[in-house]
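Summary of structural features
Residues per chain, in single letters:
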Amino acid sequence: MIFLEIRKARKHKKQPIQTINATLILKEMIPRSTVSSRGISNVYIHHYMKFKLENGEEKEFEVLPEQYAVILEGNIGELTFKGDKYLSFYITNINVNREN
């Protein structure tokens with residue numbers, strides 16, 4: 001398992017930083033629970049945003065809660081990412097009509 005993480009980190013490091021026009025098409029919060037060795041249950045909320053890129057491709061990223069909170073579905077802007085890591089989204093058009 002450690003080998004896979006090292007391999008993934010090396011692959012990610014080689015990826016270029018890309019900025020492309022995109023639309024946020026979906027936001028999801030997914031709870032995940034763990035149980036410690038002491039039997040204590042913890043619930044963590046993972047935040048995901050899915051974008052449709054100008055070339056038609058869709059990309060999904062896990063993001064921080066504060067990043068998740070400030071962007072609405074339908075917003076259009078410039079998505080910056082590196083491999084499978086979200087870096088930023090600069091909103092250029094706020095779409096209040098969410099029927100896209």
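Our subject is the structure listed above.
Here we summarise the structure given alongside this text.

Rules and cut-offs
- Residues numbered from 1 in each chain as written.
- Predicted model: local features only at pLDDT ≥ 70, side-chain atom pairs only at ≥ 80, totals over all residues.
- Heavy atoms only, no water.
- Core = buried A, V, L, I, M, F, W, Y, C linked by side-chain atoms within 4.5 Å.
- Buried < 20%, exposed > 50% of the residue type's maximum accessible area, 1.4 Å probe, protein only.
- Helix = DSSP H or I, 4+ residues; strand = E, 2+ residues; numbered from the N terminus.
- Contact = heavy atoms within 4.5 Å.
- Pairing = 2+ DSSP bridges.
- Phe/Tyr/Trp six-rings, centres within 6.5 Å; stacked < 30°, edge-to-face > 60°.
- Lys NZ or Arg CZ within 6 Å of the ring centre and 35° of its normal.

Right, let's get into the nonpolar core. With 14 residues, the main nonpolar core has Met49, Phe51, Phe61, Leu79, Tyr86 and Phe89 as its most contacted residues. Elements with a contribution of two residues or more to this core: strand E1 (17-35), strand E2 (41-53), strand E3 (58-63), strand E4 (76-82) and strand E5 (85-93). Contact partners of Phe51, with chain neighbours within four places excluded, come to Ala22, Thr23, Leu24, Ile25, Glu57, Glu58, Lys59, Phe61, Leu79, Tyr86 and Phe89.

Direction of pairing for E1 relative to E2: antiparallel, over a ladder of 13 bridges. Directly across from Arg32, in E2, lies its bridge partner Tyr44. Hairpin geometry of E1 and E2 is characterised by an intervening segment of five residues between the two adjacent antiparallel strands and by a positive phi of about 85° at Gly39. Two elements, E2 and E3, share six bridges in a ladder whose sense is antiparallel. Residue pairing across strands places Met49 opposite Phe61, the latter belonging to E3. The hairpin formed by E2 and E3 contains four residues between the paired strands, and Gly56 there has a positive phi angle of roughly 95°.

Turning next to the packing of aromatic side chains. Here the structure, examined in full by the defined rule, presents five aromatic pairs. Ring centres of Phe51 and Tyr86 lie 6.2 Å apart, and the angle between their planes is 15°; on these two criteria the pair is classed as stacked. Of this pair, Phe51 sits in strand E2 while Tyr86 sits in strand E5; the two residues are 35 residues apart in sequence, bridging distant segments of the chain. According to the relative accessible area criterion, Phe51 is buried, its value standing at 0%. Ring centres of Phe61 and Phe81 lie 5.6 Å apart, and the angle between their planes is 45°; this geometry places the pair in the tilted category. Taken together, the positions of Phe61 in strand E3 and Phe81 in strand E4 put the pair 20 residues apart, joining distant regions of the chain. For Phe61, a relative accessible area of 1% puts it in the buried group. A residue is classified by how much of its surface remains accessible, and Phe81, at 2% relative accessible area, is buried. Seen from the ring of Tyr68, Lys27 lies directly overhead, with NZ or CZ sitting 4.3 Å from the centre.

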